[in-house]
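As a plain string of letters, each chain reads:
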Amino acid sequence: MKRRGLLLLALAILVIGLAGGAAIYVLGEEPEPQAYIIVGDTAYPVDPASSKTYQRSLQRYGGKMAVVFDDINRWLAARFQGKQLGVTVAGISVIGALLLFLGATRLPK
């Protein structure tokens, strides 16, 4: 009975996580751009942290590892806002359900 309960729990986590992730993805909004570059008559959104001036200043004050850690920090922060949050929730639920399923299948019947 314990094995069956864990398998049902894994299924519930998977279904609820995927449904929640899909809802967040559909209802989520992309963050507004912080800066624009104007070329001709068209404005293009850009990330000011990806400019060469910012990268050069960051490397000058903190070294190459500061640039790497800044890139990692910005990548992680992007996973938890807007539509990417829905993808993150769905991915975490799939991984959690898979781990619970594998753990339940190793239990004796």
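Owing to the predicted nature of the structure, the values given are computational and were not obtained by experimental measurement. Here the residue numbers are simple positions, counted from 1 along each chain's written sequence. Note on the predicted model: pLDDT of at least 70 is required for a residue's local features to be given, and 80 or more for side-chain atom pairs to be given and counted; whole-chain, interface and lining totals, by contrast, use all residues. To obtain the side-chain values, all non-hydrogen atoms of the structure were used and water was disregarded.

### Quick word on the overall build of the chain
Within the chain, the secondary structure is distributed over 4 helices and 2 strands. Secondary structure follows DSSP: runs of H or I at least 4 residues long count as helices, runs of E at least 2 residues long count as strands, and numbering of each begins at the N terminus. What you see in the chain, going N to C, is helices and strands ordered as α-β-β-α-α-α. We take the radius of gyration over the C-alpha atoms and set the globule estimate at 2.2 Å times the residue count to the 0.38 power. A globule of 109 residues ought to have a C-alpha radius of gyration of about 13 Å, yet the chain, at 21 Å, is considerably larger. Over its C-alpha atoms, taken along the principal directions, the chain stretches across nearly 65 × 35 × 15 Å. Buried positions account for 14% of the 109 residues belonging to the chain. Residue contacts are counted whenever heavy atoms from the two residues lie within 4.5 Å of one another. If you take every contact in the chain between residues at least 6 apart in sequence, the share linking residues at least 24 apart comes to 61%. Just so you know, the count uses Lys and Arg for positive and Asp and Glu for negative, and it drops His and the chain ends. For charged residues, the charge sits on one atom: NZ in Lys, CZ in Arg, CG in Asp, CD in Glu. Of note, the chain has its 12 positive side-chain charges centred 21 Å away from the centre of its 7 negative side-chain charges. Using a 1.4 Å probe on the protein chains alone, a residue whose accessible area is under 20% of its type maximum counts as buried, one over 50% counts as exposed, and one in between counts as partly exposed.

### A short note on helix H1 (residues 2–27)
The α-helix advances 3.6 residues per turn, and as a result positions three or four apart in sequence lie on the same side. To estimate how far a helix should extend, the number of its residues minus one is multiplied by 1.5 Å. Between its first and last C-alpha atoms H1 spans 37 Å; for 26 residues at 1.5 Å apiece the expected length is 38 Å, and the two agree. Of the positions making up H1, those classed as buried are Ala-10, Gly-17 and Gly-21. Its buried side turned inward, H1 meets helix H4 (83–105).

### Things to note about the pairing of strand S1 (residues 35–39)
Of the strand pairs in this sheet, S1 and strand S2 (residues 42–46) are connected by 5 bridges, and their pairing is antiparallel. If you follow Val-39 over to S2, its bridge partner there is Thr-42. Taken together, S1 and the strand that follows it, S2, pair antiparallel across an intervening segment of 2 residues, in which Gly-40 is found at a positive phi of about 70 degrees. A pair of strands is labelled paired if DSSP reports no fewer than 2 bridges between them.

### Details of the pattern of salt bridges
Any Lys or Arg side-chain nitrogen found within 4 Å of a carboxyl oxygen on Asp or Glu counts as a salt bridge. Scanning all chains against the criterion turns up 1 salt bridge. Among the ionic pairs, Arg-74 bridges to Asp-70, the shortest N-O distance being 3.1 Å. Of this pair, Arg-74 and Asp-70 are both found in helix H3 (residues 64–78), 4 residues apart, which corresponds to roughly one turn of the helix. Arg-74 sits in the partly exposed class, given a relative accessible area of 36%. For Asp-70, a relative accessible area of 13% corresponds to the buried category.

### Comments concerning the side chain of Arg-79
Here Arg-79 shows up in the loop between H3 and H4. The buried charged residue Arg-79 lacks any salt bridge, with Glu-30 as its nearest oppositely charged partner at 8.1 Å. Those residues in contact with Arg-79 that lie beyond four places of it in its chain are Gln-84, Leu-85 and Thr-88.

### Overview of the side chain of Ser-93
Relative to the assigned elements, Ser-93 resides in helix H4. Apart from the residues within four sequence positions on either side, Ser-93 is in contact with Ile-13, Leu-14, Gly-17 and Leu-18.

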